[in-house]
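One letter stands for each residue in the lines below.
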Amino acid sequence: MTVDNYAAADIATDDLDFGPATGLVCRECGANYGLGAAYACMECFGPLEVKYNYGEVTRESIEAGPNSLWRYSQLLPVSAGAVDEPNLAPGCTRLVHAHNLAQELGMTSLWVKDDSGNPTHSFKDRVVAVAQSAARRLGLTTLSCASTGNLAHAVAAAAARAGQRSVVLIPSNLEDGKTVTTATYDGKLLAIEGNYDDVNRLCSELIGDPLTNDWGFVNVNLRPYYAEGSKTVGYEIAEQLGWRLPKQVVVPIASGALLVKVDKAFRELIELGLVEDTEYTIFGAQAAGCSPVYQAFQDGQDVVRPVRPDTIAKSLAIGNPADGPYALDVIRRTHGAIGSVTDEELVDGIRKLARTEGVFAETAGGVVMASLEQLLAQGLLDPTAETVILNTGDGLKTLDAVIEFVGPTATIEPQVSEVREALA
Ligand SMILES: *Cc1c(COP(=O)(O)O)cnc(C)c1O
Ligand SMILES: [Zn+2]
């Protein structure tokens with residue numbers, strides 16, 4: 001059992017370091033930079049990534065760590081142990097062995113990595129925790145982001161817990177499960193009349209403005225650190241399987257960062273000798289109403305052409321995905337494929353996962369579930385190979401998706417005869 005009792009005021013900001021991280025490096029041209037609030041290469045505008053010099057990492061050293069993503073601090077840009085970090089300590093979510101669903105789909109071994117169990121009920125708590133640590137080290141006192149909803153919730157909560165100011169920007173058309181939750185933490189919440197891509201562009205423009213000198217936009221100027229938090233999903237899956245890799249993983253794609261980092265996590269574990277070097281395949285999942293990466297994959301293109309999103313899977317509604325090309329690389333290198341499912345199919349996916357395994361998925365989880373079925377039907381995913389699918393958010397955040405399809409079996413008077421009749 002863990003007790004979370006840090007006091008924000010007690011935490012000194014000296015002695016903070018970036019642990020094994022040694023700098024930032026351009027993913028395109030390899031140019032090197034120091035550890036700062038930077039995200040684009042000055043030579044070629046390519047995205048920057050954290051570079052490391054890992055020390056000795058063993059299964060035992062990880063297992064001895066806390067019951068949160070900080071057990072992997074030796075593989076993240078944070079001080080050893082990261083025990084003093086003022087944050088929500090997310091991670092270590094359950095890996096559900098989905099026997100019933102596997103049977104229904106004719107699969108041999110299927111697992112659901114259920115990230116709805118994080119503090120604000122989506123995987124975004126992971127990326128925020130790492131970005132928040134970077135913000136402290138860089139003296140950025142206001143925590144900010146451009147969000148499709150779950151990130152907004154995670155940033156507002158993490159900032160509240162750390163006694164920090166937050167300024168969160170979202171498209172104005174999000175679900176109540178995203179906006180009401182976020183607003184309750186009482187940071188600044190700006191609803192922008194536009195879609196996510198408009199909000200993201202606005203944030204990029206704000207970064208040059210003196211107004212935001214001390215702002216850490218977790219997914220913009222802190223993006224290299226933020227994205228590293230996604231690796232912990234991959235680490236956990238391997239550790240929970242008893243330190244081995246699954247054969248197949250199905251990952252939802254919004255910006256594409258999560259998918260890219262699950263692959264990075266698997267490769268790191270192999271390189272560090274923490275798991276056996278076994279082959280694996282990474283599959284992507286998108287909603288048909290916003291499937292630019294799927295489209296590029298189908299067309300055999302390396303460039304991802306932006307689209308205008310139109311889907312109820314709002315957490316995945318990024319029309320111009322920053323990591324799209326890298327997600328394509330991973331999927332092609334590991335011989336994967338991408339599912340693209342309609343809103344109707346994703347709702348069926350949510351209901352099927354609930355009915356078979358008692359897991360109530362967010363719309364993104366519905367996209368993954370429906371993509372699994374599609375990929376199986378197309379013969380692209382092997383039903384006999386061990387598979388992990390990701391549920392990245394809690395269905396309570398997207399009740400609208402199912403509200404018109406489900407309800408009481410019957411509404412009756414409090415009488416035994418009526419119960420009998422209703423169940424007949
Ligand atoms: C943000 C998000 C994703 C995908 O994230 P990317 O790293 O941008 O691809 C998946 N599921 C949910 C519920 C999310 O909020
Ligand atoms: Zn470059």
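Residues numbered from 1 in each chain as written. Chains lettered and ligands numbered in written order. Predicted model: local features only at pLDDT ≥ 70, side-chain atom pairs only at ≥ 80, totals over all residues. Heavy atoms only, no water.

With domains assigned, the protein chain is organised as domain 1 (3-53 + 124-224) and domain 2 (95-121 + 230-401). Using C-alpha coordinates to define each centre, domain 1 is positioned 24 Å away from domain 2. Taken residue by residue, the interface counts 24 residues in domain 1 and 31 residues in domain 2. Taken over both partners, the interface formed by domain 1 and domain 2 buries close to 2,200 Å², and the fraction arising from carbon and sulfur atoms is 40%. Here domain 1 and domain 2 share seven salt bridges between them. (Domains from an automatic or database assignment. Contact = heavy atoms within 4.5 Å. Buried area = accessible area lost by both parts, 1.4 Å probe. Salt bridge = Lys/Arg side-chain N within 4 Å of Asp/Glu carboxyl O.)

Right, let's talk about unusual backbone geometry for a bit. Even without being a glycine, A89 presents a positive backbone phi close to 45°. Look at A89 and you get partly exposed, because its relative accessible area is 33%. Positive phi is not limited to glycine here, since C92 has a value of about 55°. Judged by its relative accessible area of 26%, C92 falls in the partly exposed class. (Buried < 20%, exposed > 50% of the residue type's maximum accessible area, 1.4 Å probe, protein only.)

Turning our eyes to something else, we now look at the site of ligand 1. Close contacts around ligand 1 come from 15 residues, with K124, S255, G256, L258 and T392 the closest. A254 has a polar backbone atom sitting 2.9 Å from an oxygen atom of ligand 1. Coverage of ligand 1 by the protein amounts to 98% of the 380 Å² it exposes when considered alone. (Near = heavy atom within 4 Å. Polar contact = N/O pair within 3.5 Å; in protein donor to acceptor, adjacent residues only side chain to side chain. Areas by Shrake-Rupley, 256 points an atom, 1.4 Å probe, with all protein chains shown as cover.)

Taken in spatial order, the three strands line up as β2-β1-β3 in an open sheet, and their pairing is antiparallel. A strand with exactly one partner marks an edge of an open sheet, and here the two such strands are β2 (32-33) and β3 (48-52). Taken together, the two bridges between strand β1 (residues 21-26) and β2 define a ladder with antiparallel strand orientation. What sits directly across from L24, in β2, is Y33. (Pairing = 2+ DSSP bridges. Helix = DSSP H or I, 4+ residues; strand = E, 2+ residues; numbered from the N terminus.)

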